[in-house]
Amino acid sequence: MTASVRGQLGIAALITVAGTAGAVETLPPLRVDPGLMGAGTPVAKQTPPTLESPAVAAVPAPTPVATTATPEPAPTPRPAKQAAKAGRKPEVADSAPVASNEAKSAAAPAAVTANLKERPVEAPVVQAASPAQVQAYKPPQVTEQPRVPPLYSAYERAGMLPEPGKYTDPKAAPIYIVADSIDGRTEQELVAQGNVELRKRDAVLNADHLTYWQLDDEAEAVGNVKLTRDDDVMRGTKMRLRLDESQGYLDQADYSIRREIKRKPPQNATALTQLPDMLPEASYKPQITTGVGKAEKVDFEGEGQYRLTNATYSTCPAGENQDWYAEVGGLKLDYDREVGTGDDVKLVFKDTPILYSPWLSFSLNNQRKSGLLPATVGANTRTGFQYTQPLYWNIAPNMDATLTSKAMTKRGVQMIGDVRYIDFNYSGSSRFEYLPNDNVTKTNRYAYAIVHNQNFGAGLTGNVNLNGVSDSNYFTDLSTRITQVSQGTLVRQGSLTYNAGWWSANLLAQSYQTLQDPLAPIVPPYSRLPQLSVAALRPDLPYGVNFGLNAEYVKFSHPTNVVGTRMVLYPQLSLPLQTSAFFITPKIGVHSTSYSLERQAAGVPNQITRNVPIASVDTGVTYEREANMLGKSLTQTLEPRLYYVYIPNRDQSNIPVFDSALADFNFAQIFAENRYGGSDRIGDANQLTAAVTSRLIDPNTGVELVRAMLGQRYYFTGQNVTLNTSTNPTAETARTSRSADLLASLSGLIMPKTYVDTGWQYNPRDGRTERLNLTTRYQPEIGKVLNAGYRYTRDLLGQIDISAQWPLRGGWSGVGRYNYSTKEKRLVEGVAGFEYSAGCWAVRGVLQQLATTAQTKTTSFFIQLELTGFSNIGSNPNEILKRNIPGYGRASQSGSDPIFGSDY
């Protein structure tokens, strides 16, 4: 039997779809209420009453079992699925006929109670009436009731809808429909017209007219169609959709598809997050990317699968000016693989076509993917105008490769290849560059860098690090990185390490390529072919004694200098004694070294043995108190420390200097035994180091906010051992004073958003500063940073370093760095540029000047247009800005750049 419910202001229908037979009891069909017709008075035809409040109708779910027969025979409708197979849509049946052809049942307002399992009550058969009776009858008056808005939440509170998440089976979820009028056949078809709203789980469908076939779970919507699912919104003129399978189509569509992007913290976030309020956590939380546009037709091909015809695509927010968009003949959006592909693509920026491609593939989440990356252009005084075309290959989730061709007007065409890979037991990268027949030098030029790390298991690991270039001027001619143009040596080494817990062994083969600047030549370092070293530590000996051992065998090679082998054996015993506030550690050891040498000067022995005893005592104490500073309750510490070392003098002037040099004088070194790095010199010592440290610590997190240190070393005897040798008697001047320079440092968050790091070495004997490093940073948020620094070393170095990134106005930001050498009176590196961010796109331009050698410099210009979430066009200045501006954050933070080696 059919059920028809009509209302002039609003009618709501709740369709409960059962997952299995009998899962939800079939509700009785709606009947005519005799009480509205008078006491048993038959009526032939009646006008439905006007309702001021919406009625709610419950329509049964489809079940495979037979339904209860009704007194009135009804025509058997053709099942919806059979109709679909027959190639036509299911038909909407009229109301079932009653005994008289003139009389029909009228649907009165029915209230659905919470007890949905109440058994049906059969209504009496309505008999035909005479014309006189029809004229005498007066419809009953229906009392006007207050209007209740048909809100989803209202019905949910009434207990008519399940709680969210109750239906684990999507096909068992209910469908909720509101419309001005609803017609249909029970368990077959429902037709809703006027302000239609359909809800099912997280989907809402609005339209002027909607037909829903219950057995197929399929809906057809016509007129002002709007589909909302989570944050996705689609509008059109006509839609046909299988709700649970997400299959169908939408004509004349406007769409907005939102997805979340997982972002990694910026490179400088690891250090800055240790300082409260230094780096806002929200700056690297997941962000949302939105794809918006229009399409002649959208085909739904499953959850997260869309195919668009004659479409546009942009990441600019919907409803705003589309500053850029891609016109695509055919567009496939695959949110499972997070890849978009398009045919016949035209890129339009500010209403101007700037790029055309017959085929284009791009990432929907800013992650790396295979394809031809956008070409970049740039200019350089040493290479000329350059055009770069990279091709990216996303081989696997843990492996990728980039092949790049760079055409330079002054040099020729250079080929660059990069490969990266990572796994549980290995990782590495390789980079190869080749420039055939350089137009300037008329030679073939190349460079390579290979790094591989391997874990063989059972404590055995390996490493390979190989670097090389065709000539000493390769980086100065072809690179824009100061870290490369300032390199003097390129390492080539391989190693194997075995870790057995309390002891370990390392086998190393190491050599170098030396890059010479004719105006500042350097001496090539020694090669180690090979070096075997062993280290051991046993802290579990009786009475708390610790045993340590450092041993080494190494063969040094050099083209011109003295060569030979060196064996070192350094056993040590220590006794750490410690409480919660105090510690003292006495230690003794013997440093034994033997040499077998070649090419020694006449009269100098080839076999040399040196045995040096070493004794030390390290002690300190920690005091704490509560303090209120920087507007917070903090813990302040005071930590005095004393360190005494005794090493007797041994004549070492006949020993060559293979790998020893005077160690940098700092707080780490003044608490070290030997003032030299390496094993060729063991400095004589009878000295005491005194230092005090004070820290401010957040008691809630344990984060150290500020640290201040002051220390000095005192000598009880003069210096005898130096770096001087029989062939180089003036390498070092022996110290004569009884005290070393005074060291002071202050680092940490001295004010909100302001970080400082400073170190000072002061010579009290001559009343002068030997060295000063001062760095300060103010960073209230990502995209706003000011850095200022000064580095000074007497007679060697003096540099002023200022850098900044700061918003100006209307989305514009300025970026720059000024690194000036006061000693050489010239610019070491300068960067000036701008950035503009419009939300869905950004543009940045950078001018760089770099001192490549003592007499030469290079000027480069970079400009880039970034279409957020889609592509980058132009030369990439981001790596230059990151290197030159500590704390730099991109105006438009998109995902990872698929090109790594990004001086392209």
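None of the values given here were measured: they were computed from a predicted structure.

Participant: Describe the overall build of the protein, and please don't skip the residues or the numbers.
Facilitator: Per the secondary structure count, the protein includes seven helices and 45 strands. With 904 residues in all, the protein has 43% of them scored as buried. Within the protein, counting contacts between residues at least 6 apart in sequence, those at least 24 apart form 52% of the total.

Participant: Please give an account of the environment of V785 that cites residues and values.
Facilitator: Within the secondary structure layout, V785 lies in strand β39 (residues 784-793). Spatially, the C-alpha atom of V785 lies 7.0 Å from that of Y888, the residues being 103 residues apart in sequence. Not counting chain neighbours up to four residues away, the residues in contact with V785 comprise R777, Y778, Q779, S803, A804, Q805, W806, I885, P886 and G887.

Participant: Give a description of a nonpolar patch on the surface that names residues and reports values.
Facilitator: Taken together, the side chains of F456, L460, L496, Y498, L507, L532, Y553 and M567 make up a nonpolar region of the molecular surface, amounting to roughly 700 Å² of accessible area. Here L532 lies in strand β24 (residues 527-538). Given a relative accessible area of 40%, L532 falls into the partly exposed group.

Participant: Now, about the side chain of E218: what can you tell me, with residues and values included?
Facilitator: Positionally, E218 belongs in strand β6 (residues 218-229). On the basis of relative accessible area, E218 is assigned to the buried category, the value being 11%. Looking at E218, its side chain comes within polar contact range of the side chain of R240, at 2.6 Å. If sequence neighbours within four positions are ignored, E218 has contacts with T211, Y212, W213, R240, L241 and R242.

Participant: Can you break down the confidence of the model for the protein residue by residue, with the values?
Facilitator: In the predicted model, the protein carries a mean pLDDT of 78, and the fraction of residues at 70 or more is 75%. When the criterion is pLDDT under 50, residues 145-159 qualifies, and its contacts beyond four places in sequence or with other chains add up to 24 contacts. Here residues 893-904 scores under 50 on pLDDT; set against residues more than four positions off or in separate chains, the count is 43 contacts.

Participant: Quick one: what's the story with the packing of aromatic side chains, residue by residue and with numbers?
Facilitator: We describe a pair of aromatic rings using the distance from one ring centre to the other and the angle between the two ring planes. Within this structure, the stated rule accounts for 19 aromatic pairs. Taking 4.9 Å as the distance between ring centres and 85° as the angle between the ring planes, the aromatic pair formed by F349 and W841 counts as edge-to-face. Residue F349 is found in strand β12 (residues 339-349), and its partner W841 is found in strand β43 (residues 841-851); the two are separated by 492 residues along the sequence. On the basis of relative accessible area, F349 is assigned to the buried category, the value being 17%. Its relative accessible area of 7% is what places W841 among the buried residues.

Participant: Can you lay out the pairing of strand β25 (residues 546-557) for me, pointing to particular residues and giving the numbers?
Facilitator: One ladder, built from ten bridges, connects β24 with β25; its direction is antiparallel. In the strand pairing of β25, S527 is matched with S557. Two strands pair when backbone bridges link them, and β25 and strand β26 (residues 563-574) are joined in this way by eleven bridges, in the antiparallel orientation. In the sheet register, K555 faces β26, and the bridge partner there is T565. As consecutive antiparallel partners, β25 and β26 are separated by five residues.

Participant: I'd like to hear about unusual backbone geometry, residue by residue, with values.
Facilitator: Residue L529 is joined to P530 through a cis peptide bond whose omega torsion reads 0°. Residue placement: P530 occurs in strand β24. A positive phi is found at N224, a non-glycine position, where the angle reads about 50°. Take N224: it is sitting in strand β6.

Participant: Tell me about the state of the cysteines, and please be specific about residues and values.
Facilitator: With the rule as written, the count across this model stands at one disulfide. Between the sulfur atoms of C316 and its disulfide partner C840 the distance amounts to 1.9 Å. With the S-S dihedral at roughly 60°, the linkage between C316 and C840 falls on the right-handed side. Here the residue C316 occupies a position in the loop between β10 (305-313) and β11 (324-334), and C840 occupies one in the loop between β42 (826-837) and β43, the gap between them amounting to 524 residues. Of the two residues, C316 and C840, both sit in the buried class.

Participant: With reference to specific residues and values, describe the environment of D418.
Facilitator: Looking at where D418 falls in the secondary structure, it is placed in strand β18 (residues 412-422). In this structure the side chain of D418 is engaged in a polar contact, spanning 3.1 Å, whose partner is the side chain of R431.

Participant: Explain the pattern of salt bridges residue by residue, including any values.
Facilitator: A full pass over the atoms with the stated rule returns 47 salt bridges. Across the pair R307 and E301 runs a salt bridge, and its minimum N-O distance is 2.9 Å. In this structure, E770 engages R768 in a salt bridge whose closest nitrogen and oxygen atoms are separated by 3.1 Å. With a relative accessible area of 13%, E770 lands in the buried category. Given the relative accessible area of 32%, R768 is considered partly exposed. One network of salt bridges, in which partners are shared, links R382, R411, D438, R445, D471 and D477.

Participant: I'd like to hear about the pairing of β26, residue by residue, with values.
Facilitator: Pairing geometry for β26 and strand β28 (residues 582-598), over ten bridges, is antiparallel. Counterpart to M567 in the pairing with β28 is S594.

Participant: How would you explain the environment of G677 if you had to name every residue and give the values?
Facilitator: For G677, the position within the fold is in strand β33 (residues 676-677). The sequence separation of G677 and D664 amounts to 13 residues, and the corresponding C-alpha distance is 8.9 Å. Setting aside residues up to four positions removed in sequence, G677 forms contacts with D659, S660, A661 and A663.

Rules used in this analysis
- Residues numbered from 1 in each chain as written.
- Predicted model: local features only at pLDDT ≥ 70, side-chain atom pairs only at ≥ 80, totals over all residues.
- Heavy atoms only, no water.
- Helix = DSSP H or I, 4+ residues; strand = E, 2+ residues; numbered from the N terminus.
- Buried < 20%, exposed > 50% of the residue type's maximum accessible area, 1.4 Å probe, protein only.
- Contact = heavy atoms within 4.5 Å.
- Patch = residues over 30% accessible without salt bridge, like charges linked within 9 Å, V, L, I, M, F, W, Y side chains within 5 Å.
- Areas by Shrake-Rupley, 256 points an atom, 1.4 Å probe, with all protein chains shown as cover.
- Salt bridge = Lys/Arg side-chain N within 4 Å of Asp/Glu carboxyl O.
- Polar contact = N/O pair within 3.5 Å; in protein donor to acceptor, adjacent residues only side chain to side chain.
- pLDDT = per-residue confidence, 0-100.
- Phe/Tyr/Trp six-rings, centres within 6.5 Å; stacked < 30°, edge-to-face > 60°.
- Pairing = 2+ DSSP bridges.
- Disulfide = S-S within 2.5 Å.

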